[in-house]
Each structure stands twice: as C-alpha cells, then as structure tokens.
Amino acid sequence: QQQVKQSPQSLIVQKGGISIINCAYENTAFDYFPWYQQFPGKGPALLIAIRPDVSEKKEGRFTISFNKSAKQFSLHIMDSQPGDSATYFCAASMMSNYKLTFGKGTLLTVNP
Amino acid sequence: DGGITQSPKYLFRKEGQNVTLSCEQNLNHDAMYWYRQDPGQGLRLIYYSQIVNDFQKGDIAEGYSVSREKKESFPLTVTSAQKNPTAFYLCASSVTGQNQPQHFGDGTRLSIL
C-alpha cells in the first residue's frame, strides 16, 4: 500500500516558469511533510518542510501548499531555473516514530 | 566539515557473497537510517537505529543486516539472501525527536557481477 502518492513522474518546464509537484497521503497520523531535492549521483537534501497546522510555507522561490482536509500537499517552484533540474521527493512522517515515507519522485527538467 | 560519509561509492558483488557498506557521520546524531533507492521507486527504509546498540527493521529488511556499536557508525551488510541487491543505497542521520530533518550521504551503488 503506497502511503504517499506523488505526481507527475516527470515534468518539463521552461526557464522562468512555475513547476508544480503534487503529493497525496492516506494516513491522517502523518504530521510532518518535507520535500527533498536530489541531483544525479548524490543523496537527497532537505529543501523545505511543513506541519499540518500551517497552510502554506515559503522559502525563496520554493513554496509548499498544504490542504489538510484533502490530504494533499504540493511544491511550487517559482521562476524555475536550469539549476533546479533534479529529482524531487515528497515525504511524510508521524510523531510516534522517526520513519519517513517517501513518494516515488518527480524528475524535473528546466529547459533554458 | 560535518556530514555523512558513505564508502565505497561503487561496489560489485559476486553471486553468493556478502558485502558490507560503510556509513560514518560526524554530526553527533543519535539516529541513523539505511534506505534503498531503485529507479522510479523512491526511497524505501531498510533499517534504522535511534541509539547505539539498538536498531529496528524497516519496510524491506529481508536479506540485510546492520550493527550499531558506535554512535558515528552504522554499517549495512547485504547478504546472499538478498536476491535482488542491485540498487543505490543511501545512509542518513538525524537528531532524535519529533520531526527532525534527515541528512543523507551521497550513496553507494551496488551491482552484481
């Protein structure tokens, strides 16, 4: 049973455009939702994270939107740049343990 | 610089062999984790440890073993019982406590000869 569903699998955006990646979860006990960015041959790095008591969090060009009733959250990358080309993973965890459940990832390509 | 070091970067295993992947961290984190990454599959948790001399199975522990004898080290052994070991293996660490971010190493790519 896949607990965190991520879409799309891949995304191509022009430089300066907005990249949007969506995730949906099933377990209402999840209370922490991080996004990770991974470049080829490297480990994932934490990009931004949100808790369910907040509907939106912005850090620079990256924004997480969170809809608790729909059990969905999304990553928006404004003014996308070629250097943003990477694989993005959403994840979720709950207070009772430290385990992260990851989505399957989105390969983002930003064309110059 | 503080961080997580995984070695080797590339590893080849013959059929029937056990291999051990190294993970060392100097972040003074209590918790450490091992994930397996396959193309299009995201990251799946193999084992995790919240404190020295204690560890728990993750979602795909079969065919793997770990030890946690030192705070800074969490080696993963891929045994011959793991029938499909070819993958990218990632080690992570974090401070213990609610919603602490996990910091990842740069992985080891294991292939079968």
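In what follows, the structure referred to is the one given above.
Analysis parameters
- Residues numbered from 1 in each chain as written.
- Chains lettered and ligands numbered in written order.
- Predicted model: local features only at pLDDT ≥ 70, side-chain atom pairs only at ≥ 80, totals over all residues.
- Heavy atoms only, no water.
- Helix = DSSP H or I, 4+ residues; strand = E, 2+ residues; numbered from the N terminus.
- Rg over C-alpha atoms; globule rule 2.2 N^0.38 Å.
- Buried < 20%, exposed > 50% of the residue type's maximum accessible area, 1.4 Å probe, protein only.
- Contact = heavy atoms within 4.5 Å.
- Pairing = 2+ DSSP bridges.
- Axes fitted to C-alpha atoms, helices over the stretch in contact; angles between N-to-C directions.
- Phe/Tyr/Trp six-rings, centres within 6.5 Å; stacked < 30°, edge-to-face > 60°.
- Lys NZ or Arg CZ within 6 Å of the ring centre and 35° of its normal.
- Buried area = accessible area lost by both parts, 1.4 Å probe.
- Salt bridge = Lys/Arg side-chain N within 4 Å of Asp/Glu carboxyl O.
- Polar contact = N/O pair within 3.5 Å; in protein donor to acceptor, adjacent residues only side chain to side chain.
- Nonpolar A, V, L, I, M, F, W, Y, C, P; charged D, E, K, R; others polar.
- Core = buried A, V, L, I, M, F, W, Y, C linked by side-chain atoms within 4.5 Å.

(A) Structural context of the overall build of chain A. Summing up its helical and strand segments, chain A has zero helices and 11 strands in all. The N-to-C order of helical and strand elements in chain A reads β-β-β-β-β-β-β-β-β-β-β. Its C-alpha radius of gyration of 13 Å places chain A within 12% of the 13 Å reference for a compact globule of 112 residues. Looking at chain A as a whole, 43% of its 112 residues are labelled buried. For chain A, the share of sequence-separated contacts (at least 6 apart) that also reach a separation of at least 24 residues comes to 53%.

(B) Here's a closer look at the sheet that holds strand 3 (residues 19-25) of chain B. Residues and elements named next belong to chain B. Spatially, the four strands line up as an open sheet ordered 1-3-8-7, and their pairing is antiparallel. Because the sheet does not close on itself, it has two edges, and the strands there are strand 1 (4-7) and strand 7 (64-66). Here the average twist between neighbouring strands, direction ignored, is 20 degrees. Strand direction decides the pairing type here: strand 3 and strand 8 (residues 76-78), joined by three bridges, are antiparallel. Bridging from a neighbouring strand, Val19 pairs with Val78 of strand 8.

(C) Broad picture of the packing of aromatic side chains. All chains considered together, the criterion is met by 17 aromatic pairs over all chains. Ring geometry for Tyr25 of chain A and Phe30 of chain A: centres 6.3 Å apart, planes at 65 degrees, overall edge-to-face. Plain terms: the ring middles of Phe102 of chain A and Tyr35 of chain B are 5.5 Å apart, the flat faces sit at 85 degrees to each other, and that makes the pair edge-to-face. Taken together, the residues Phe102 of chain A in strand 10 (residues 101-102) and Tyr35 of chain B in strand 4 (residues 31-37) connect one chain to another. Looking at Tyr35 of chain B, the relative accessible area reads 0%, which means it is buried. Each member of the aromatic cluster is reached from another via a ring pair, and the members are Tyr25, Phe30, Phe33, Trp35, Phe66 and Phe73 of chain A. Across the ring face of Phe74 of chain B, the terminal group of Arg68 of chain B is positioned such that the distance to the ring centre comes to 5.9 Å.

(D) Molecular detail of the pairing of strand 9 (residues 86-94) of chain A. Residue and element names in this part refer to chain A. Most of strand 9 is tucked away: eight of the nine residues are buried. Two strands pair when backbone bridges link them, and strand 4 (residues 30-38) and strand 9 are joined in this way by six bridges, in the antiparallel orientation. Residue pairing for strand 9: Gln38 is matched across the bridge by Thr87. Two elements, strand 9 and strand 11 (residues 106-111), share three bridges in a ladder whose sense is antiparallel.

(E) Up close: the interface of chain B and chain A. Each side of the interface is counted separately: chain B has 24 residues, and chain A has 19 residues. For the pairing of chain B and chain A, the buried interface totals around 1,900 Å² over both sides, and the portion due to carbon and sulfur atoms is 53%. Across the contact surface, chain B and chain A share two salt bridges. Lys99 of chain A serves as the salt-bridge partner of Asp59 of chain B, at 3.8 Å between the closest nitrogen and oxygen. At the junction of chain B and chain A, the tally comes to five residue pairs in polar contact (both at pLDDT 80 or more). Looking at the side of chain B that touches chain A, the elements with two or more residues in it are strand 4, strand 5 (43-51) and strand 9 (87-94) of chain B. Taken together, the residues of the side of chain B that touches chain A sort by class into nine nonpolar, 12 polar and three charged.

(F) Region of interest: the nonpolar core. All names here are of chain A. Core analysis: the largest hydrophobic core is formed by 25 residues, its most contacted members being Phe30, Phe33, Trp35, Phe73, Leu75, Tyr88 and Leu108. For this core, the elements supplying multiple residues, two or more each, are strand 2 (10-14), strand 3 (19-25), strand 4, strand 5 (45-50), strand 7 (62-67), strand 8 (72-77), strand 9 and strand 11. If you tally residues by element for this core, the top one is strand 9, at five residues. Once residues lying within four places of it in the same chain are set aside, the contact partners of Tyr88 are Gln6, Ile21, Tyr36, Gln37, Leu47, Leu75, Ile77, Gly105, Thr106 and Leu108.

(G) The arrangement of the sheet that holds strand 6 (residues 56-59) of chain A in detail. All names here are of chain A. The strand order across the open sheet formed by five strands is 1-3-8-7-6, and the pairing between neighbours is antiparallel. Because the sheet does not close on itself, it has two edges, and the strands there are strand 1 (4-7) and strand 6. In this sheet, adjacent strand axes meet at a mean angle of 15 degrees when their direction is disregarded. Here six bridges tie strand 3 to strand 8, and the two strands are oriented antiparallel to one another.

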